Structures are given as structure tokens and as C-alpha cells.
Amino acid sequence: MPRRLFKKLSRQRHHLRTRWYMKPFEFVFGDAAFWSLNRRNVTRAVALGFFIGFMPPVLPHTVLALLAAIALRVNIPVTLTAIFITNPVTMVPLYYAAYWSGCFVLGIKPLTRLPQPKPDTWLPAFHGPFMEPFLLGCLIVGLAVAVAAYILLGASWHFTLVYKFYKRKRLRRQRKEASEQ
């Protein structure tokens, strides 16, 4: 986990808090819940960021993630970092997987090519047959990835702590045995 990066950002929040243009956002910089790096807060922030990252970009993801992080009181920098699971490189495969899973759940055949636009309508041609499975797929895949990320990150964080605990315990035992000899 890039803990050093987030600690550096956490230290900068005190500096940003003093700026005149940040006064309206002082409640965000003053509350430690938005910046803490404990396991519960970070795993929730990653899950939230992954879920928002899979949503179609109606609003910019950063604005939506910032508002959701404030509403749910999770770590803001981690949430904003996690939304970049969908970036220009990964967006097409992830959104296609969402569309395909939506088609699978609805029981319809995925489109192999875009339909021809009708001249008398202002809606795009793919609005009807494409949007419903796409939105449902984004919701399903976003929830699945968020839950999987929450479980995997929480478990790996827990097992890392357990490993470090037993490593320290073993080192103490070895030091004690070495001092007794």
C-alpha cells in the first residue's frame, strides 16, 4: 500500500487549510476521518472508488467520488485514487464487460454493430438497445468489483498484520533464547 504518499497528502492538508480559498472546505481538512489510514477506512474508500469508477460518466467521476467520500466519511485521497481503475486504457474493456454482463442478466443478445440512426429522433441510435444492459451491467460489475476489492484488501491487510505480529514474536523468542545461552 502506498502509505507514504497518503501520509504526505495528509500532512499537506494542514497547510492547505490555512489558505483563503480553502476556507469554504475547512470542514473537510479539519476532520481526521477523511484522512485517516486505518484498515476500515481505507478498505471502504477503495470499494467506494472502484464502484464509482465503474459508473457511466454522467458526472465527472472525481466530483461524484468526492461527494460520496464526504457523505460516507471515508478517506478522500484513497477514494480519488481508486476511481482511476477506469482510465483511457482500461475504459473500453471494462465498459464492454459491463455491457456484456448486463445483456447476460437481461437475457438479450449483445449488439455486434451499432444500429443506424433515425433522422427524425434526437436520441442516439444506440440509446434503447444499448443503454439498459449497459447501465445494469455497470451497476452489477461495479458492485461485484467493489465487494471483491473490499474483501481482498481487508484480508490482505489483516494477513499482513498477522504475519508481522508472528515475525516480531519469533524475533523476540530468538533474542530471548540467544540471551539465555
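Nothing here was measured: the structure is a model prediction, and the numbers come from that model.

Details of a positive patch on the surface
Thought 1: Among the surface-exposed residues, Lys-164, Lys-167, Arg-168, Lys-169, Arg-170, Arg-172, Arg-173 and Arg-175 lie close enough to one another that they form a single positively charged patch.
Thought 2: Its location among the elements puts Lys-164 in helix α7 (residues 127-180).
Thought 3: Relative accessible area serves as the criterion here: at 45%, Lys-164 is assigned to the partly exposed category.

Regarding the confidence of the model for the chain
Thought 1: Averaged over the chain, the pLDDT score is 83; the fraction of residues at 70 or greater is 74%.
Thought 2: Ranking the elements of the chain by mean pLDDT puts helix α1 (residues 3-17) last with 62 and helix α3 (residues 39-54) first with 93.

Regarding the packing of aromatic side chains
Thought 1: Tallied over the entire structure, the rule returns 4 aromatic pairs.
Thought 2: Geometrically, the ring pair formed by Tyr-95 and Phe-134 is edge-to-face, given 5.4 Å between the ring centres and 85 degrees between the ring planes. Here Tyr-95, found in helix α6 (residues 91-106), pairs with Phe-134, found in helix α7; they are 39 residues apart in sequence, far enough to count as distant.
Thought 3: Residues Tyr-96 and Tyr-99 carry aromatic rings whose centres are separated by 6.4 Å and whose planes lie at 45 degrees to one another, so their mutual orientation is tilted. Of this pair, Tyr-96 and Tyr-99 are both found in helix α6, 3 residues apart, which corresponds to roughly one turn of the helix.
Thought 4: With a relative accessible area of 47%, Tyr-96 lands in the partly exposed category.

Describing the packing of α3 against helix α4 (residues 61-72)
Thought 1: With their axes 10 Å apart at the nearest point, α3 and α4 run at an angle of 145 degrees to one another. For the pair α3 and α4, the sense of crossing is right-handed. For the pair α3 and α4, contact is made by Arg-44, Leu-48, Ile-52 and Gly-53 and by His-61, Leu-64, Ala-65, Ala-68, Ala-69 and Leu-72, respectively.
Thought 2: For the contact of α3 with α4, the per-class residue count stands at 7 nonpolar, 2 polar and 1 charged.

What about α3?
Thought 1: The end-to-end C-alpha distance of α3, which contains 16 residues, comes to 23 Å, matching closely the 22 Å that a straight helix rising 1.5 Å per residue would cover.
Thought 2: Along α3, the positions that sit buried rather than exposed are Asn-41, Val-42, Thr-43, Ala-45, Val-46, Ala-47, Leu-48, Gly-49, Ile-52, Gly-53 and Phe-54.

Some details on a nonpolar patch on the surface
Thought 1: A cluster of nonpolar side chains, namely Tyr-96, Trp-100, Phe-104, Val-105 and Ile-140, defines an oily patch on the protein surface of about 550 Å² accessible area.
Thought 2: Turning to its location among the elements, Trp-100 is positioned in helix α6.

Let's talk about unusual backbone geometry
Thought 1: In this structure, Arg-73 takes a positive phi of about 60 degrees despite not being glycine.
Thought 2: Here Arg-73 lies in the loop between α4 and α5 (76-82).
Thought 3: Given the relative accessible area of 42%, Arg-73 is considered partly exposed.

Looking at the nonpolar core
Thought 1: In terms of nonpolar packing, the biggest core is built from 17 residues, with Val-42, Val-46, Leu-48, Ile-52, Ala-69, Val-74 and Val-78 touching the most fellow members.
Thought 2: For this core, the elements supplying multiple residues, two or more each, are α3, α4, α5 and α7.
Thought 3: Among the elements that take part in this core, α3 stands out by supplying 5 residues, more than any other.
Thought 4: Look past the residues within four positions of Val-74 in its chain and what remains in contact with it is Ala-33, Phe-34, Asn-41, Arg-44, Ala-45, Leu-48, Ala-69 and Thr-79.

Examining α6
Thought 1: Its 16 residues give α6 an end-to-end C-alpha distance of 22 Å, which sits within 8% of 22 Å, the value for a rise of 1.5 Å per residue.
Thought 2: Listed in full, the buried residues belonging to α6 are Tyr-95, Ala-98, Tyr-99, Ser-101, Gly-102 and Cys-103.

Overview of the environment of Leu-136
Thought 1: Here Leu-136 lies in helix α7.
Thought 2: Since its relative accessible area comes to 26%, Leu-136 is described here as partly exposed.
Thought 3: As for Leu-136 and Ala-98, which are separated by 38 residues in sequence, their C-alpha atoms are 7.8 Å apart.
Thought 4: If we skip the residues at most four places from it in the chain, Leu-136 touches Gly-102, Val-105 and Leu-106.

Conventions and cut-offs
Residues numbered from 1 in each chain as written. Predicted model: local features only at pLDDT ≥ 70, side-chain atom pairs only at ≥ 80, totals over all residues. Heavy atoms only, no water. Patch = residues over 30% accessible without salt bridge, like charges linked within 9 Å, V, L, I, M, F, W, Y side chains within 5 Å. Areas by Shrake-Rupley, 256 points an atom, 1.4 Å probe, with all protein chains shown as cover. Salt bridge = Lys/Arg side-chain N within 4 Å of Asp/Glu carboxyl O. Lys, Arg positive; Asp, Glu negative; His and termini not counted. Charge placed at Lys NZ, Arg CZ, Asp CG, Glu CD. Helix = DSSP H or I, 4+ residues; strand = E, 2+ residues; numbered from the N terminus. Buried < 20%, exposed > 50% of the residue type's maximum accessible area, 1.4 Å probe, protein only. pLDDT = per-residue confidence, 0-100. Phe/Tyr/Trp six-rings, centres within 6.5 Å; stacked < 30°, edge-to-face > 60°. Axes fitted to C-alpha atoms, helices over the stretch in contact; angles between N-to-C directions. Left-handed = near helix turned anticlockwise from the far one by under 90°. Contact = heavy atoms within 4.5 Å. Nonpolar A, V, L, I, M, F, W, Y, C, P; charged D, E, K, R; others polar. Expected span 1.5 Å × (residues − 1). Core = buried A, V, L, I, M, F, W, Y, C linked by side-chain atoms within 4.5 Å.

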